[in-house]
Amino acid sequence: MIGRITGTLIEKSPPVVCVDVNGVGYDIDVPMSTLYALPETGARVTLYTHLVVREDAQLLYGFGTAQERATFRQLIKVSGVGARIALAVLSGMSVSELSQAITLQETGRLTRVPGIGKKTAERLLLEMRGKLGADIGAAIQAVPDNQSDILNALLALGYSEKESLLALKTLPEGVDVSDGIRQALKALAR
């Protein structure tokens, strides 16, 4: 299996890039997030890769980080999700955004990705829960600094991560900690 490729970036034709490694050009399908992070053609580049061997083709998928590749590998294990849909998911949202969507069980965020309907999104949320590192750590990173104290207070009071994060969404931007806790508790009481 080809796990990583380092060479000269010779062509960008979204969603495919071509990397020259000692005179051999490898066509590699990449998500748009990786494509945007790549340097100009002619520059040296390293991509983490995943090789798929089928009867009719050998396909190479590339990623800017090992975390993206690991997420891709988890996504293609979900029934009904192939490599193209997995690339679309990683093109439409970052790994941390996907992790947060799974933690909060937000089908709406996944259905915005082209090629994912409601049933596929629900299956993805069900099968990916706990496999992606979809935990409160990833969700807390997405919370602005001024709201992390409010979130920690709600967690200390015994509310679940999902309830606490949903309550944070109801708060106005820039609210101070004491008012934020009060408002969040009112939202949770409803």
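Calculation criteria
Residues numbered from 1 in each chain as written. Predicted model: local features only at pLDDT ≥ 70, side-chain atom pairs only at ≥ 80, totals over all residues. Heavy atoms only, no water. Helix = DSSP H or I, 4+ residues; strand = E, 2+ residues; numbered from the N terminus. Contact = heavy atoms within 4.5 Å. Core = buried A, V, L, I, M, F, W, Y, C linked by side-chain atoms within 4.5 Å. Buried < 20%, exposed > 50% of the residue type's maximum accessible area, 1.4 Å probe, protein only. Domains from an automatic or database assignment. Salt bridge = Lys/Arg side-chain N within 4 Å of Asp/Glu carboxyl O. Phe/Tyr/Trp six-rings, centres within 6.5 Å; stacked < 30°, edge-to-face > 60°.

Caption draft 1: Representation of the side chain of T71. Structurally, T71 is set in helix 2 (residues 66–75). Not counting residues up to four positions away in its chain, the partners in contact with T71 are L90, V95, L98 and L132.

Caption draft 2: Quick peek at the nonpolar core. By size, the foremost hydrophobic cluster in this structure holds 24 residues, and its most contacted members are F72, L75, L98, L110 and L124. Sorting elements by how many residues they give to this core places helix 3 (residues 83–92) first, with five residues. Split by domain, the residues of this core number at least three in each of domain 1 (4–63) and domain 2 (66–128). Non-local contacts of F72, meaning those with residues more than four positions away in its chain, are made with H50, Y61, F63, A83, A86, L87 and L90. Counting residues in each nonpolar core, the second largest holds twelve residues, with L38, L47, L51 and L60 among its members.

Caption draft 3: Structural view of the pattern of salt bridges. Taken as a whole, this structure holds six salt bridges when the rule is applied. E106 is the salt-bridge partner of R109, the closest N and O atoms lying 3.0 Å from each other. The exposure classification of R109 matches that of E106, with both residues buried. Residue R182 pairs with D179 through a salt bridge whose shortest N-O separation is 3.4 Å. Here R182 and its partner D179 are both found in helix 10 (residues 177–189), three residues apart, which amounts to about one turn of the helix. You can call D179 partly exposed: its relative accessible area is 32%. A cluster of three or more residues bridged by salt bridges with shared partners is formed by E106, R109 and K169.

Caption draft 4: Seen up close, the packing of aromatic side chains. Overall, the coordinates contain two aromatic pairs when judged by the stated rule. Ring geometry for Y61 versus F72: centroids 5.3 Å apart, planes at 40°, classification tilted. Taken together, the residues span a long stretch of sequence, with Y61 in strand 5 (residues 58–63) and F72 in helix 2 at a distance of eleven residues. Pairing F63 with F72 gives two aromatic rings, centres 4.9 Å apart and planes at 45°, and the pair type is tilted.

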